[in-house]
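Each chain is listed here by its residues.
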Amino acid sequence: MAKSILQSHSYRVKSKQEAKQLHAQMIRTRAPTSLVLSVYSNLGLLRESLLIFNSLTSPSYVAWKSIIRCYTSLGLFHQSLLSFARMRASAARPDRDVFPSIVKSCTHLMDWKLGQSLHGSIIRVGLEIDVYTGNALMNMYGKVCMGSVRKVFDEMPERDLVSWNTVIAGNAGNGMYREALEMVREMGGAGLKPDSFTLSSVLPIFAEYVDVSRGMEIHGYAIRHGFDSDLFIGSSLIDMYAKCTMVEKSRQIFDFLPQRDAISWNSMIAGCVQNGLFDEGLRLFRRMLENSIKPRHVTFSSIMPACAHLTTMHLGKQLHGYILRCGFDDNEFISSSLLDMYAKCGRIHIARRIFEKMESPDIVSWTAMIMGCALHGHAHDALFLFQQMKVNNVRPNYVAFVAVLTACSHAGLVDQARKLFDSMVGDYGISPGLEHYAAVADLLGRAGRLEEAYEFISSMPREQERTGSVWSTLLAACRVHKNAELAEKVAENIFKIDPENMGAYVLMSNVYSAAGRWKDAARLRIAMKGRGIRKKPACSWIEIKNKVHAFMAGDESHPKYYEIKEALGVLLERMEREGYVPNTDDVLHDVEEEQKRHLLCSHSERLAIAFGIISTPPGTTIRVTKNLRVCVDCHIATKFISKIVGREIIVRDVSRFHHFKDGKCSCGDYW
């Protein structure tokens, strides 16, 4: 009687203290040792469990079962499998209480061969029909072989909600979205209702399909059944709405979550960054740290692009330090994000150092490094890395070819680009996309081979839509090479595809202005005004003492404007003594020559550079970001300035980096 009472109490024990008290009673009543061991193992108290287990001369099956389950629950999978082997050697016969733990251990250790062997043992002892064992097997096969998952599922005479969820999650995780959704419907037909795990498995499908209406149906179901406060559901909804570009809806869900863990914070941060809300993403990251939520490795991968786009070097360096302190620096994804951030912030040498420390870079790391070299004008380094990637048996993909073709474009390597383009199709079976066509068209245009570029774009296959972005690269080249006749043909193609293309209107207006066709330029500007299209204003940014300063063309609003203007005047005098002659071709206004010279001196990058010079000690590198292409005269002027002040000046414009030093630029005057 006492023994049965103690057994019933053992299932209600919730703490170590209660377990100790029950243990004392068991000793007094001489209850079986296996019962005491079960209590400790169920609570995950390994030390206490081992003290009892190791005292047993000949452990019973119940004792083996308890220690194996304890090891598995604590993540000690090797010890769990070793104990199972010792149990089999002792001739103890495993049953439905042991196999789920052992299969789980194989899954976590990714020991598929042993897992399949266990499956054979399960069949031999007739346990393949057991729900718990079947669920464990499906979870294991879901990592490597969905066909086996469905086979196990179909052979199970009894299935619970976990069984259905395992198959649904496996299908969704392996990109088998239709199969996953069909299983949800079948589950409903079997009389089972989706739970929070089901919903969090299917929501990413609608995020992938950008199917916000179906996602909203799931959201409504979650609210009606009280799942909307569930962390997993909340994080999945945040992610789904963000990927459907409804980031304000993501924010509402995030703000109403009663609790937030690292996953929900990361979902919200990633959603902001993916939608271009970089400042907001950084603010949320700071709030997460203030709330004592420890970032996960994916958090850093999410936030790094914000630093790269905003070129916030100081924050990027702080994050790098945090990564080192957390021991995440050996994580491939974080290293790739770091090197990409440093490359986009103008520190290509640091990016290269990170890359060279990586033991086995994956395709993402190789591509980020190749693109970094391309943007900094190190075309031959980019080509060398591309070849090294193949030597290291990393197969180039779609994005890798975009990177290496971009490198060729920035260096005028026409023949190499043609060979790479042909190799992409012939050797790797990759169908060229818009980015590949745009890179080659841009290259031909920069090289002055405008007719060839026109024919190349025209030759794009019918199924590959010729969007305005590809033609716009050629239109920009027509402007540089002052070919108004071809520019008109190109613009006509653009307006057929995209009548509201603001960039094409601006470029064509500039082509007319450069050719002195002021009436045609005015006609286009009137057309732009009638359509509500406004020209994007030139803007440049510079970071001084951890604060970002923005300058517009002709901007007089900065508190130090008069000091900037005075510095530019002094620089202009010295530049003219060195032989500088203003190039007014890019001043696209019908004004006097003197006025054109004044307009050139007030370009946004000149204001930012002058501010950087007066605000930092001699010898400090000046780093400026511009939202448009650097004009010819500013490029010439910055070369002179770098020589006069003895500084390196790095300007990141819309298409690449320019490193000015000692009167020269890294682009070799080809951009």
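Residues numbered from 1 in each chain as written. Predicted model: local features only at pLDDT ≥ 70, side-chain atom pairs only at ≥ 80, totals over all residues. Heavy atoms only, no water.

Visitor: Even after reading the chapter, I still don't get the overall build of the protein chain, so can you show me in this structure?
Guide: Broken down by element type, the protein chain carries 36 helices and six strands. Each of the three principal axes of the protein chain carries a C-alpha extent, and together these read 110 × 55 × 50 Å. Residue burial in the protein chain is summarised as follows: out of 671 residues, 49% are buried. Put simply, of all contacts in the protein chain between residues at least 6 apart along the chain, 61% involve residues at least 24 apart. Carbon and sulfur atoms make up 52% of the accessible area of the protein chain, which totals about 33,000 Å². (Helix = DSSP H or I, 4+ residues; strand = E, 2+ residues; numbered from the N terminus. Buried < 20%, exposed > 50% of the residue type's maximum accessible area, 1.4 Å probe, protein only. Contact = heavy atoms within 4.5 Å. Areas by Shrake-Rupley, 256 points an atom, 1.4 Å probe, with all protein chains shown as cover.)

Visitor: How should I be thinking about the UniProt feature "repeat: PPR" (unreviewed entry) in the protein chain in this particular structure?
Guide: UniProt records the feature "repeat: PPR" (unreviewed entry) for residues 160-194, 261-295, 362-396 and 397-432 in the present numbering. The straight-line gap between the two end C-alpha atoms of residues 160-194 is 12 Å; of that span, 74% is helix and 0% is strand. With 74% helix and 0% strand, the stretch residues 261-295 has end C-alpha atoms that lie 10 Å from each other. (UniProt positions renumbered as here; feature names shortened; annotations may be inferred.)

Visitor: Got a minute to help me understand the pattern of salt bridges in this structure?
Guide: Two side chains with opposite charge may pair up if their charged atoms get near one another. Scanning the model with the defined rule gives 20 salt bridges in all. The shortest N-O distance in the salt bridge between Asp 520 and Arg 523 comes to 3.6 Å. Residue Asp 520 and its partner Arg 523 are located together in helix H32 (residues 518-530), separated by three residues, close to a single helical turn. Classification of Asp 520 by relative accessible area gives partly exposed; the value is 21%. (Salt bridge = Lys/Arg side-chain N within 4 Å of Asp/Glu carboxyl O.)

Visitor: Sorry if this is basic, but what is going on with the side chain of Ser 336 here?
Guide: Position of Ser 336 among the secondary structure elements: in helix H21 (residues 332-344). If we skip the residues at most four places from it in the chain, Ser 336 touches Met 358, Asp 362, Val 364, Ser 365 and Ala 368.

Visitor: Please explain the sheet that holds strand S6 (residues 664-665) as it appears in this structure.
Guide: The pairing of strands in a sheet happens through backbone hydrogen bonds and is either parallel or antiparallel. The strand order across the open sheet formed by six strands is S2-S1-S3-S4-S5-S6, and the pairing between neighbours is mixed. Every interior strand has two partners, whereas the edge strands, strand S2 (547-552) and S6, have only one. As paired elements, strand S3 (residues 622-626) and strand S4 (residues 649-652) share four bridges and run parallel to each other. When the sheet's bridge partners are listed, Arg 623 is paired in S4 with Ile 650. Helix H35 (residues 604-615) rests against strand S1 (539-544), S2, S3 and S4 of the sheet, and its axis sits at about 15 degrees to S1. (Pairing = 2+ DSSP bridges. Axes fitted to C-alpha atoms, helices over the stretch in contact; angles between N-to-C directions.)

Visitor: Looking at this structure, how should I read helix H20 (residues 313-326)?
Guide: Every α-helical turn comprises 3.6 residues, leaving residues that sit three or four positions apart pointing alike. Between the first and last C-alpha of H20 there are 20 Å, a value that for 14 residues agrees with the 20 Å anticipated at 1.5 Å per step. Looking only at H20, the buried set comprises Met 313, Leu 315, Gly 316, Leu 319, His 320 and Ile 323. Projected onto a plane normal to the axis of H20, the buried residues spread over an arc of 160 degrees and lie on a single side. Where H20 terminates, the next one or two residues include Gly 327, which has phi positive at roughly 75 degrees. (Expected span 1.5 Å × (residues − 1). Arc of directions from axis to C-beta.)

Visitor: Where do I start with H35 in this structure?
Guide: Taking 1.5 Å as the rise per residue, H35 with twelve residues should run 16 Å; its terminal C-alpha atoms sit 17 Å apart, in good agreement. Most of H35 sits inside the fold, with eleven of its twelve residues counted as buried. Within H35 the residues assigned to the buried category are Ser 604, Glu 605, Arg 606, Leu 607, Ala 608, Ile 609, Ala 610, Phe 611, Gly 612, Ile 613 and Ser 615.

Visitor: Just to check I follow, could you spell out the pairing of S4 for this structure?
Guide: Consecutive side chains of a regular strand alternate in pointing toward one face of the sheet and then the other. The alternating pattern of S4 places Ile 649 and Val 651 on one face and Ile 650 and Arg 652 on the opposite face, and all of these are buried. With helix H36 (residues 632-645) bridging S3 and its parallel neighbour S4, the resulting β-α-β unit is right-handed. Here S4 pairs with strand S5 (residues 657-661) via four bridges, running antiparallel. Looking at the pairing, Arg 652 lines up with Phe 657 of S5. Connecting S4 to the antiparallel partner S5 that follows it, the hairpin turn spans four residues. (Right-handed = clockwise from strand over helix to strand, strands pointing away.)

Visitor: What's the story with the pairing of S3 in this structure? I'm lost.
Guide: Within S3, four of the five residues are buried, leaving the element largely enclosed by the surrounding structure. Sheet topology note: the S1/S3 ladder contains three bridges and is antiparallel. Along S3, the bridge assignment pairs Ile 542 with Val 624.

Visitor: I would appreciate a short explanation of the packing of helix H30 (residues 484-497) against helix H31 (residues 502-514) in the present structure.
Guide: A pair of packed helices can be characterised by two numbers: the angle between their axes and the separation between those axes. At a minimum axis separation of 10 Å, H30 and H31 run at an interaxial angle of 165 degrees. Comparing their axes, H31 and H30 come out roughly antiparallel. With respect to the hand of their crossing, H30 and H31 are arranged in left-handed fashion. Along its contact with H30, which presents Ala 484, Ala 487, Glu 488, Ala 491, Ile 494 and Phe 495, the element H31 presents Ala 504, Tyr 505, Met 508, Val 511 and Tyr 512. Tallied by class, residues from the contact of H30 with H31 come to ten nonpolar, no polar and one charged. (Parallel < 35°, antiparallel > 145°, perpendicular 65-115°, else oblique. Left-handed = near helix turned anticlockwise from the far one by under 90°. Nonpolar A, V, L, I, M, F, W, Y, C, P; charged D, E, K, R; others polar.)

Visitor: Honestly, the packing of helix H27 (residues 434-446) against helix H28 (residues 450-458) in this entry has me stumped. Any pointers?
Guide: At a closest axis distance of 8 Å, the pairing of H27 and H28 adopts a crossing angle of 165 degrees. Classed by the angle they form, the pair H27 and H28 counts as roughly antiparallel. Classified by chirality, the crossing of H28 by H27 is left-handed. On the side of H27, the interface is formed by Tyr 437, Val 440, Ala 441, Leu 444 and Gly 445, while H28 contributes Leu 450, Glu 452, Ala 453, Phe 456 and Ile 457. Residue composition of the contact of H27 with H28, grouped by class: eight nonpolar, one polar and one charged.

Visitor: Hey, could you run me through the side chain of Asp 555 in this one?
Guide: Note that Asp 555 resides in the loop between S2 and helix H33 (561-577). No salt bridge is formed by the buried Asp 555. Its closest oppositely charged neighbour is Lys 547, at 13 Å. Here Ser 557 takes part through its side chain, which lies 2.6 Å from a polar atom of the side chain of Asp 555. Apart from the residues within four sequence positions on either side, Asp 555 is in contact with Ala 550, Tyr 561 and Leu 607. (Lys, Arg positive; Asp, Glu negative; His and termini not counted. Polar contact = N/O pair within 3.5 Å; in protein donor to acceptor, adjacent residues only side chain to side chain.)

Visitor: Just checking my understanding: could you explain unusual backbone geometry for this structure?
Guide: Backbone geometry follows two general trends: most residues other than glycine have a negative phi, and most peptide bonds adopt the trans configuration. Although it is not a glycine, Val 210 sits at a positive phi angle of roughly 50 degrees. With respect to the secondary-structure elements, Val 210 resides in the loop between helix H13 (196-209) and helix H14 (212-224). Although it is not a glycine, Asn 393 sits at a positive phi angle of roughly 60 degrees. In this structure, Asn 393 sits in the loop between helix H24 (379-391) and helix H25 (398-411).

Visitor: Just to check I follow, could you spell out the environment of Val 394 for this structure?
Guide: You can see Val 394 is positioned in the loop between H24 and H25. Under the relative-accessibility criterion, Val 394 is labelled buried at 16%. Val 394 sits 28 residues away from Trp 366 along the chain, and the two C-alpha atoms are 8.7 Å apart. Not counting the four nearest positions on each side in its chain, Val 394 is found in contact with Pro 361, Asp 362, Ile 363, Trp 366 and Met 389.

Visitor: Just checking my understanding: could you explain the environment of Ala 522 for this structure?
Guide: Locating Ala 522 in the fold gives a position in helix H32. By relative accessible area, Ala 522 is classed as partly exposed at 34%. It is 9.0 Å that separates the C-alpha atoms of Ala 522 and Tyr 512, two residues lying ten residues apart in sequence.

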